[in-house]
Amino acid sequence: MNYKTVLTVCPYCGCGCGMYLPVLDGQLGQPIPDKTHPLSEGRLCIKGWAASEHVVSPDRLTQPLVRTGDDLKQATWDEALDLVASRLMTLRDRHGPDSLAFLCSAKCTNEENYLLQKFARTTVGTNNVDHCARL
Amino acid sequence: MNLPQEVLTEETRQIVSRLLRDNQVVGVIGLRTEHNHTGPHLFTSADDLKELTLEPRYPLATICQAILSSLSQGKLGVIVRGCDERALIEMAKLTNIEMERLVLIGLSCSEELARQCRCRRPYPSHIDVGEIVEGVSPLEDTQVRRLLEQNVEERLAFWQQEFARCIKCYGCRNICPVCICTECVLKEECWVERGQIPPELQFHLIRAYHIADKCVGCGACVAACPMEIPMTTFYTLVQEKLRELFDYEPGLDTKQKSPITTTLEETPLREL
Ligand code: SF4
Ligand code: SF4
Ligand code: SF4
């Protein structure tokens, strides 16, 4: 038997409530709200309480799917990323960089969000950058 | 008398260290402070014992239940306050957890905590750390007293106003050590409409009814409530009725049956 609790931050919104994720024999359990977190003080909203459910959900996507017509087909990461990259470049070349927009997320780290806006501004050439927290 | 926290913590560390050294337990569930945060932890060696802490309180009984279910051999140690032990006893009545497989390290609470929790029994059945302090009657609480003086309409209005703040996070249900049904009716749409906030009053009444004879008064539900709804005020009054009518308290003995599940012959009403 192996049990540990991992101190982490809720992945959902920008509040960043604190939680411990229990792992028992490699199985992820329901979050335990961190009572000593300065912001959330042992409380979570329903999303935080459910934060581990999607990880173990049988419906979770674990591979990229590419749409062809009405069908979704399993693809490798290389295939999927190549397709996204070439479509982005086609749209930019055909309609101009401002035909594209980039949505950052409160679920990402500062660094990930920084990278996304950097990519939007320097690689694609648009200032159309927004954030899910404004929705 | 209240002993200083550091003394109690040191004593607890020594007990845990002895249990581990003598291989009496596979590990001990307690609290650890690491990176300036404190949370539940399974101590399996003396290495991290200097990080053992006694505050704040976490639902250790629920963690014990999970670990015991996957522990094939040996015993599990756990640091328990009065309410943790009572929660384990209630769990043992409801599930297949075996109390014999637990080694309880009993911790008595301070007078201050007992007052805060309005706790009648701020100590477990056997105290290893700390000294016994006097319990506090839940009826001493000003809010409880005020409610008892009000009529039904006033009380209903009070609770409607309180429960109107509920954001249906399910925190009270998730954290509660005795709310452990695998199929919970609060997740069924015929009882609780999806997407409706605040939920109907029945959301809270169903829970109150289900834990009426099991609530051990740990206060974890209120502590986890983002909207600070004083649920235990409600449960306290139900508990007091059980005491008054049937002389029954949950969490004292695994063999004692709740009057809600027995007939009046088995658990007669008390002469009042
Ligand atoms: S309810 Fe509070 S005072 Fe009573 S045993 Fe639990 S922590 Fe201690
Ligand atoms: S006080 Fe709240 S969390 Fe604790 S046993 Fe009672 S209902 Fe459950
Ligand atoms: S913890 Fe509070 S807000 Fe959340 S469901 Fe319970 S009563 Fe409602």
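That block above? That's the structure.
Calculation criteria
Residues numbered from 1 in each chain as written. Chains lettered and ligands numbered in written order. Predicted model: local features only at pLDDT ≥ 70, side-chain atom pairs only at ≥ 80, totals over all residues. Heavy atoms only, no water. Axes fitted to C-alpha atoms, helices over the stretch in contact; angles between N-to-C directions. Helix = DSSP H or I, 4+ residues; strand = E, 2+ residues; numbered from the N terminus. Parallel < 35°, antiparallel > 145°, perpendicular 65-115°, else oblique. Contact = heavy atoms within 4.5 Å. Nonpolar A, V, L, I, M, F, W, Y, C, P; charged D, E, K, R; others polar. Buried < 20%, exposed > 50% of the residue type's maximum accessible area, 1.4 Å probe, protein only. Pairing = 2+ DSSP bridges. Near = heavy atom within 4 Å. Left-handed = near helix turned anticlockwise from the far one by under 90°. Arc of directions from axis to C-beta. Core = buried A, V, L, I, M, F, W, Y, C linked by side-chain atoms within 4.5 Å. 1 Å grid on protein atoms, 1.4 Å probe; cavity = no way out; pocket = protein on both sides within 12 Å on 5 of 7 lines; lining within 4 Å. Points joined across faces, edges and corners; volume = space filled by probe spheres on them.

1. A few points about the packing of helix α5 (residues 142-149) of chain B against helix α6 (residues 152-163) of chain B
Residues and elements named next belong to chain B. It is at 8 Å that the axes of α5 and α6 come closest, and there the two elements cross at 135 degrees. Viewed along their axes, α5 and α6 adopt a mutual orientation that is oblique. Of the residues in α6, those touching α5 at Gln143, Arg146 and Leu147 are Arg155, Phe158 and Trp159. In the contact of α5 with α6, the residues fall into three nonpolar, one polar and two charged.

2. Topic: the pairing of strand β2 (residues 18-24) of chain A
The two faces of the sheet receive side chains in turn, since in a regular strand these alternate between them. All names here are of chain A. Judged by how many residues are buried, β2 sits mostly within the fold: seven of seven residues are covered. Burial along β2 is two-sided: the face carrying Gly18, Tyr20, Pro22 and Leu24 and the face carrying Met19, Leu21 and Val23 are both buried. When strand β1 (residues 3-9) meets β2, the two strands line up antiparallel, connected through seven bridges. Its bridge partner lying in β2, Val9 is registered against Gly18. Relative to strand β4 (residues 32-33), β2 runs antiparallel, the two sharing two bridges. When the sheet's bridge partners are listed, Met19 is paired in β4 with Pro33. Examined bridge by bridge, β2 and strand β3 (residues 27-28) share two bridges and lie antiparallel to one another.

3. Quick notes on the site of ligand 2
Residues and elements named next belong to chain B. The environment of ligand 2 is made up of 14 residues, and the closest members are Cys176, Cys215, Cys218, Gly219 and Cys221. For the shell around ligand 2, the secondary-structure elements that each account for two or more residues are α9 (220-224) and α10 (231-246). Each residue belonging to the shell around ligand 2 can be placed in one class, and the counts come to ten nonpolar, three polar and one charged.

4. Brief notes about the packing of helix α2 (residues 60-69) of chain B against helix α3 (residues 82-94) of chain B
All names here are of chain B. Put simply, α2 and α3 touch, their axes get as near as 8 Å, and they point 45 degrees apart. In terms of their interaxial angle, α2 and α3 are classed as oblique. Note on packing geometry: the crossing formed by α2 with α3 is right-handed. Taken together, the residues of α3 that come into contact with α2 (itself represented by Leu60, Ala61, Thr62, Cys64 and Gln65) are Asp84, Ala87, Leu88 and Met91. Among the residues making up the contact of α2 with α3, the classes are represented as six nonpolar, two polar and one charged.

5. A closer look at α2 of chain B
Buried within α2 of chain B are the following residues: Leu60, Ala61, Ile63, Cys64, Ile67 and Leu68 of chain B. All buried residues of α2 of chain B fall inside an arc of 155 degrees around its axis, so they share one side.

6. Details of the nonpolar core
A general feature of soluble globular proteins is that nonpolar side chains tend to end up buried together. Formed by 40 residues in total, the largest nonpolar core has its most connected members in Ile29, Ile67, Leu76, Val78, Leu88 and Leu102 of chain B. Mapped by element, the contributors of at least two residues to this core are β2 of chain A together with β1 (27-34), α2, β4 (76-80), α3 and α9 of chain B. For Ile29 of chain B, the contacting residues outside a window of four places in its chain are His41, Leu42, Leu60, Ile63, Ile67, Leu76, Gly77, Val78 and Ile79 of chain B. Leu147, Cys176, Cys215 and Met231 of chain B belong to the second largest nonpolar core, which has 17 residues in total.

7. What about the environment of Pro59 of chain B?
Residue and element names in this part refer to chain B. Along the chain, Pro59 falls in the loop between β3 (52-53) and α2. Looking at Pro59, the relative accessible area reads 17%, which means it is buried. Sequence-wise, Pro59 and Pro177 are 118 residues apart; in three dimensions their C-alpha atoms are separated by 6.5 Å.

8. Overview of the layout of surface pockets
All names here are of chain B. Considering only enclosed or pocket space, the second largest pocket measures out at about 860 Å³ in volume. If you trace the second largest pocket, you find 41 residues lining it, with Cys117, Gly217, Cys218, Gly219 and Thr232 closest to the centre. Those elements giving two or more residues to the lining of the second largest pocket turn out to be α2, α3, α4 (111-117), α9 and α10. Looking at the lining of the second largest pocket, the element that brings in the most residues is α10, giving six residues. Looking at the lining of the second largest pocket residue by residue, the class counts come to 23 nonpolar, seven polar and eleven charged.

9. Here we look at the side chain of Ser52 of chain A
Of note, Ser52 of chain A is situated in the loop between α1 (46-49) and α2 (53-56). Every residue in contact with Ser52 of chain A, bar those within four places of it in the chain, is listed here: Leu21, Leu28, Gly29, Gln30 and Pro31 of chain A.

10. Describing the site of ligand 3
Cys166, Cys169, Tyr170, Cys172 and Cys225 of chain B are the nearest of the 13 residues found near ligand 3. Taken together, the residues of the shell around ligand 3 break down into eleven nonpolar, one polar and one charged.

Spatial relationships are all this shows, so hold off on functional conclusions.
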